[in-house]
Amino acid sequence: MIKMPTSLSVHATVTYKFSATPERVFDAWLDTGMISKFMFGPHLREEEIVSIKTDAHVGGSFSFVVRRQGKEVDHIGEYIEISRPHRLVFSWAVRQDLTDSARIVIDIVPLPTGCELTLTQEMPSNWADFTDQAKAAWTKMLHALAVIL
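Sequence order as written defines the numbering, with residues in each chain counted from 1. Residues qualify for local features only when their pLDDT is at least 70, as the model is predicted, and side-chain atom pairs are given and counted only at 80 or more; totals for whole chains, interfaces and linings, by contrast, use all residues. Where side-chain values are given, they derive from all heavy atoms of the structure, hydrogens and water being excluded.

### Regarding the overall build of the protein chain
And step 1. In DSSP terms, a helix is any run of H or I states spanning at least four residues, a strand is any run of E spanning at least two, and both are numbered starting from the N terminus. Assigned secondary structure in the protein chain consists of three helices and seven strands.
And step 2. Secondary structure elements of the protein chain, listed N to C terminal, follow the sequence β-α-α-β-β-β-β-β-β-α.
And step 3. In terms of overall size, the protein chain behaves like a compact globule, its C-alpha atoms giving a radius of gyration of 15 Å where 149 residues would be expected to give roughly 15 Å.
And step 4. Considering only C-alpha atoms, the protein chain reaches an extent of 40 × 35 × 30 Å along its principal axes. In this setup the radius of gyration rests on C-alpha atoms only. A globule is expected at 2.2 Å times the number of residues raised to 0.38.

Rendered as structure tokens:
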């Protein structure tokens, strides 16, 4: 279990419009096959996917292991809120550094031609210099998801 910091005062927020339904966009975040296509892998950055596992229910966890520069990095988290297809909240950390965990909040609003997703990464104050990098990484993943959908 990830211990969340008491204060997550730094926020990196990105918004993206999809031509897909809210349900399809939401479901992609819980589907291991989709996660391996838009969140991780050599099509996004120099890495190899080792394993993608989810136990998608409130209180369930996930583990996304990738190999970068010869080292395995395990992105882990716990599902805090699952309200299909409108809201998904989960903790986010790297197993090797659990002291710097974050929370990811995804809100999806239906539009006449698809939906709009707003993702906010809430981080501890010592991550203030990381917000632009976080926004760029999430934007890249959301674009990859849009292409797949």
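### Section: the pattern of salt bridges
And step 1. Take a side-chain nitrogen of Lys or Arg and a carboxyl oxygen of Asp or Glu: if they are within 4 Å of each other, that pair is a salt bridge. Under the criterion given, the structure shown has ten salt bridges.
And step 2. Between Arg 84 and Asp 27 there is a salt bridge, with the nearest N and O atoms lying 2.7 Å from each other. You can see Arg 84 sitting in the loop between strand 4 (71-83) and strand 5 (87-94) and its partner Asp 27 sitting in helix 1 (residues 22-28), a full 57 residues away along the chain.
And step 3. Only protein chains enter the accessibility calculation, which uses a 1.4 Å probe; a residue whose area is less than 20% of its type maximum is buried, one above 50% is exposed, and one in between is partly exposed. A residue is classified by how much of its surface remains accessible, and Asp 27, at 32% relative accessible area, is partly exposed.
And step 4. Where Arg 87 meets Glu 81, a salt bridge forms, and the shortest distance between an N and an O atom there is 3.2 Å.
And step 5. Residue classification places Arg 87 among the partly exposed positions, given a relative accessible area of 28%.
And step 6. On the basis of relative accessible area, Glu 81 is assigned to the partly exposed category, the value being 32%.

### What to know about the pairing of strand 2 (residues 48-54)
And step 1. For two strands to be treated as a pair, DSSP must find no fewer than two bridges joining them. One ladder, built from six bridges, connects strand 2 with strand 3 (residues 61-68); its direction is antiparallel. Bridging across to strand 3, Ile 49 finds its partner in Val 66.

### Some words on the packing of aromatic side chains
And step 1. Ring pairs are drawn from Phe, Tyr and Trp, using the six-membered ring of Trp, whenever the two centres fall within 6.5 Å, and their geometry is named by plane angle: stacked under 30 degrees, edge-to-face over 60, tilted for the rest. Tallied over the full model, the rule gives 13 aromatic pairs.
And step 2. Between the aromatic rings of Trp 29 and Trp 138, the centroid separation amounts to 6.2 Å while the plane-to-plane angle is 40°, which identifies the pairing as tilted. Within this pair, whereas Trp 29 is found in the loop between helix 1 and helix 2 (32-38), its partner Trp 138 is found in helix 3 (residues 131-148), the two being separated by 109 residues in sequence. Residues Trp 29 and Trp 138 agree in their burial class; the two are buried.
And step 3. Between Phe 40 and Phe 64, the ring centres sit 5.5 Å apart and the planes meet at 55°, which makes this aromatic pair tilted. Of the two residues, Phe 40 is situated in the loop between helix 2 and strand 2 and Phe 64 in strand 3; the sequence distance between them amounts to 24 residues. Each member of the pair Phe 40 and Phe 64 is classed as buried.
And step 4. Grouped by ring-pair contacts, the aromatic residues Trp 29, Phe 38, Phe 40, Phe 62, Phe 64, Tyr 79, Phe 90, Trp 92 and Trp 138 constitute a single cluster.

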